[in-house]
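An overview of the molecular structure
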Amino acid sequence: MEWTFTEEQQMLKDMVKKFVDNELRPVAAKIDEEKKIPKELIAQMAELGFLGIAFPPEYGGAGMGETGYCIMQTEIGRACASTATFIGAHQSIGSSGIYMFGTEEQKQKYLVPLAEGKKIGAYALTETSAGSDAYKPQTTAEDKGDHYLVNGGKIFITNGSFADIFTTFVKMVGGPNDGKMSVLIVEKDYEGFKVGKIEEKMGIRGSETSELIFEDMKVPKENLLGREGRGLLVGMKVLNTGRLGLGAAALGAAQESLKLSTAYAKERVQFGKKLSQHQGIQWMLANMSMEIFNMESILYRTAWMYDQGQNVTRESSIVKLYCSEALDRIVDDALQIFGGYGFTCEFPIERMYRDSRINRIFEGTSEIQKMIIARDVLHARDL
Amino acid sequence: MKIIVLLKRVPDTEAKILINQDGNGIREDGVKFIINTYDEYGIEEGLRLKEKVGGDSKVTAVCAGPEESTEVIRTALAMGVDDAVHICDPALAKPSPFTIAEVLAKAISEEGFDIIFCGKQGIDDDMAQTQSILAEKLDIPQVNNATVFELADDLSKAVLNRRIEGGDEKVEASLPVIISCEKGLNDPRYASLPGIMKAKKKEIRVKNLADLGFNEAPSSGRSRVLKWLPMPKGGECKMVEAEETVDAVKELARLLREEAKVV
C-alpha cells in the first residue's frame, strides 16, 4: 500500500494552489457579489487545462484522471465554491457522459472542445416535478425520422445561462421505447432552445443557475447519447464521478475554514487569553481537523479506486454524503470561532457558510445518498 | 539560439524559517521549497525569447543544488523549458557564490550558450553575487536588475532597462550576455497541466563535480560564513491608551523622556 501523490500530482497541487492564491482568492468575494465568474478567469483556466483535466490527451484533456480532478477541485474549493461548482457542472457532469457513452464522432465533435474549454458544458436533468425523483422527466422526445422533437424544460441548471452543450435527459414518446428515458446532446443554438429564469440563490452565487425551455426543439438523431431508452445508466454513471468532485471541493472549503479559524484563534484575545488557549475553542479545532482527515482519506481512496477502474457507486455516495455534512459542521464551528465578525461580510467565513449548504442538496440530497448506500449494502455479497 | 536559465531551489516565501541546532543552516523539515522567485522571471524571459526567435532555439535550465532540486527543475520543465542540467554533489553542500559560479561556468560552457537569464538574487541568502562572478568566469558582459529586455533583430545585441534608485537605466550589451532579472520584467506563466504531464519525459542531465572535471569543490573565495543567527527579537511593546488623543500624546512624550530616555 502506498499513500502519496505522484510527482505529477504534487506538481499539479502546487500549481493550482499558486493559481488560486494569485488569481482566484483575490476575486472570490467579487464573484459572489457580482454573481458572475469573470470570462477572462474562465479563459485562463481553459488555457491551463483545468477544464479537461480528467480526460485523456487524445480528447483534449490533460490525462490526470479522477484523482487529478479531485486534487484540482480541492484547491479551487479552498477559495471559491462558485468556481468549483462551475467546473464540476462543466466537466464532471457536463462532459463525462460524452466521454463515457459518446461515439467517436460525438467525442470529436463535443468532448474535445469541452475538454479544451472552448465550449462550456452543463448537465440538464432536474425538472419542476423531477427533483430527488430525478429519473422521471416530463420533457418529451419524439422520433421524427432524422431528428427528435423535444418539448419541455429543465430547472436549476448550473451554467445553464451560458453553456454551449447540454447533456439532456428526456422521456421517449411513441416508438419501441415509449415512456423510457434517453439522453440527448443539445446545443444552445438549436432552434427552440431558450434560457429561462436565472435563480437568485443563498450561496454559490457566482455559479449561474437557470431554467431551460425547449419548444419544438429539433435534436439530430446522431446526438443520442448511449442507447435509446437507456438514459438511467448514463445518469447513474455520470453522477458517480460527480459526487467525488463535489466531495473534493467540500474538502478544500473545510481545509480553508480550519486554516482561517486557527489563525484567528491564535490572534483574538478574550478574557485575557487568546481564543486558542480556551479549551472550548480547542475542541472545535480538534473536531474540524479530525473531520478533514476523514474527508481527505475517503475522498482520495475512492478517487484512486475509480482510476483503477473499480465500481465506486457506494463509495462515491459515502464521500458525497460525509463531505457535505462534515463541511456544514466545520463552517458552522468556524463561524462560531469568528463570532460576530464571522457573521459580517468582512470575513470570508460568512460566504463559505452560505456556500456550504447546497452541498447537502445538489447532485442527490443526503437522503438520496443514504438510499444509494443502503441499496448497495443490501445487495452486497461481501459484507 | 541557445538560451540558458539558472534555477535555485529556495524555501517558500511563506515558510517559517528556523535555524538548525548546529547554527549552520535552516531546519528543512516541514519546509516547502520552490523555484527562486526572481529566477522565474528569467525562465519566463527565456521562454518568450525562444518563442520569438523560433527556429531551433532551445531553453536549458541549469541548477546546482541537492538531489531534492529535481522537483523545482521539473516545475521549470513543466513551464516549457526544454531540458535541464542538474549539478549535484555532496561536496557542494552549502556552497559559496564563488564555488557555485565556478561549477556553473563549467557546466554552461559545456552546454554552449548565447544568452543566460537568472534572478537578480536568491531570496534565501540574498547575496546577489553568483551572476557577477559567473560573468567574470565566462568573460561576458552582465546586466543586472533588468526590467525590460529586447533583442536586436540581427540577434547581435540586447537592449535593456535596468532598475536603479529612482528610475531605469537603458543599456545595450553585446551577446553572449548574462542578464539578472528584476520583478516587473514579465509575468511568469503557470505550468500548464499538459506541461506537467510532459515534464517527466524531458531530459535532466545530472552531473557531479567529477563529471565537470573538478577533483574537489572549487574554492569558496575569501569570505566564509561563520554562523547563522536567528532574527533578533523585537522589544516589548507598550500601548498608550487614553480617552483623548492629546492625553495619549502627552503620556507617550513622558514615557519617551522618562522611561525610554530617548528624548
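Attention in this report is confined to the structure presented alongside it. (Residues numbered from 1 in each chain as written. Chains lettered and ligands numbered in written order. Predicted model: local features only at pLDDT ≥ 70, side-chain atom pairs only at ≥ 80, totals over all residues. Heavy atoms only, no water.)

Looking at the state of the cysteines
All names here are of chain A. In this structure the tally under the stated criterion is 0 disulfides over all chains. Here Cys70 is not disulfide-linked; the sulfur of Cys323 is the nearest cysteine sulfur, at 9.4 Å. Looking at Cys70, the relative accessible area reads 0%, which means it is buried. A relative accessible area of 0% means that Cys323 is categorised as buried. (Disulfide = S-S within 2.5 Å. Buried < 20%, exposed > 50% of the residue type's maximum accessible area, 1.4 Å probe, protein only.)

Points about empty space enclosed by the protein
Empty pockets left among the atoms are what a rolling probe the size of a water molecule brings to light. All names here are of chain A. One pass over the structure, following the stated rule, counts 1 cavity of 30 Å³ or more. Its volume calculated, the largest cavity comes out at about 30 Å³. Forming the boundary of the largest cavity are Lys36, Ile37, Lys39, Phe162, Gly206 and Glu208. Two domains each put at least three residues into the lining of the largest cavity: domain 1 (7-115) and domain 2 (121-230). (1 Å grid on protein atoms, 1.4 Å probe; cavity = no way out; pocket = protein on both sides within 12 Å on 5 of 7 lines; lining within 4 Å. Points joined across faces, edges and corners; volume = space filled by probe spheres on them. Domains from an automatic or database assignment.)

With respect to helix α12 (residues 366-379) of chain A
Residues and elements named next belong to chain A. Compared with an ideal rise of 1.5 Å per residue, which puts 14 residues at 20 Å, α12 spans 20 Å between its outermost C-alpha atoms and is within 8% of the ideal. Those residues of α12 that sit buried are Ser366, Ile368, Gln369, Ile372 and Ile373. Buried positions in α12, seen along its axis, are confined to an arc of 165° and lie on one side of it. With respect to the buried face of α12, the exposed residues turned more than 90 degrees away are Glu367, Met371, Leu378 and His379. (Helix = DSSP H or I, 4+ residues; strand = E, 2+ residues; numbered from the N terminus. Expected span 1.5 Å × (residues − 1). Arc of directions from axis to C-beta.)

Observations concerning the interface of chain B and chain A
If you look at the interface, chain B gives 16 residues, while chain A gives 20 residues. Between chain B and chain A, roughly 1,500 Å² of surface is buried when both sides are summed, and carbon and sulfur atoms account for 62% of that area. The interface formed by chain B and chain A contains 6 residue pairs in polar contact (both at pLDDT 80 or more). Among the elements of the structure, α2 (70-79) and α5 (193-199) of chain B are those that each provide at least two residues to the side of chain B that touches chain A. (Contact = heavy atoms within 4.5 Å. Buried area = accessible area lost by both parts, 1.4 Å probe. Polar contact = N/O pair within 3.5 Å; in protein donor to acceptor, adjacent residues only side chain to side chain.)

Overview of the packing of aromatic side chains
The description of an aromatic ring pair uses the distance of the two centres, along with the angle that the planes make with each other. Residue and element names in this part refer to chain A. As enumerated under the stated definition, the model contains 15 aromatic pairs over all chains in all. Judged by centre distance (5.3 Å) and plane angle (75°), the ring pair of Phe5 and Tyr300 falls under edge-to-face. Linking Phe5 in the segment before α1 (7-24) with Tyr300 in helix α9 (residues 279-307), this pair joins segments that are 295 residues apart in sequence. A relative accessible area of 9% means that Tyr300 is categorised as buried. Members of the aromatic cluster, connected to one another through ring pairs, are Tyr264, Phe338, Tyr341 and Phe347. The positively charged end of Lys39 is found above the aromatic ring belonging to Phe162, 4.7 Å away from the centroid. A cation over a ring is seen here: Lys221 above Tyr148, with NZ or CZ 5.5 Å from the ring centre. (Phe/Tyr/Trp six-rings, centres within 6.5 Å; stacked < 30°, edge-to-face > 60°. Lys NZ or Arg CZ within 6 Å of the ring centre and 35° of its normal.)

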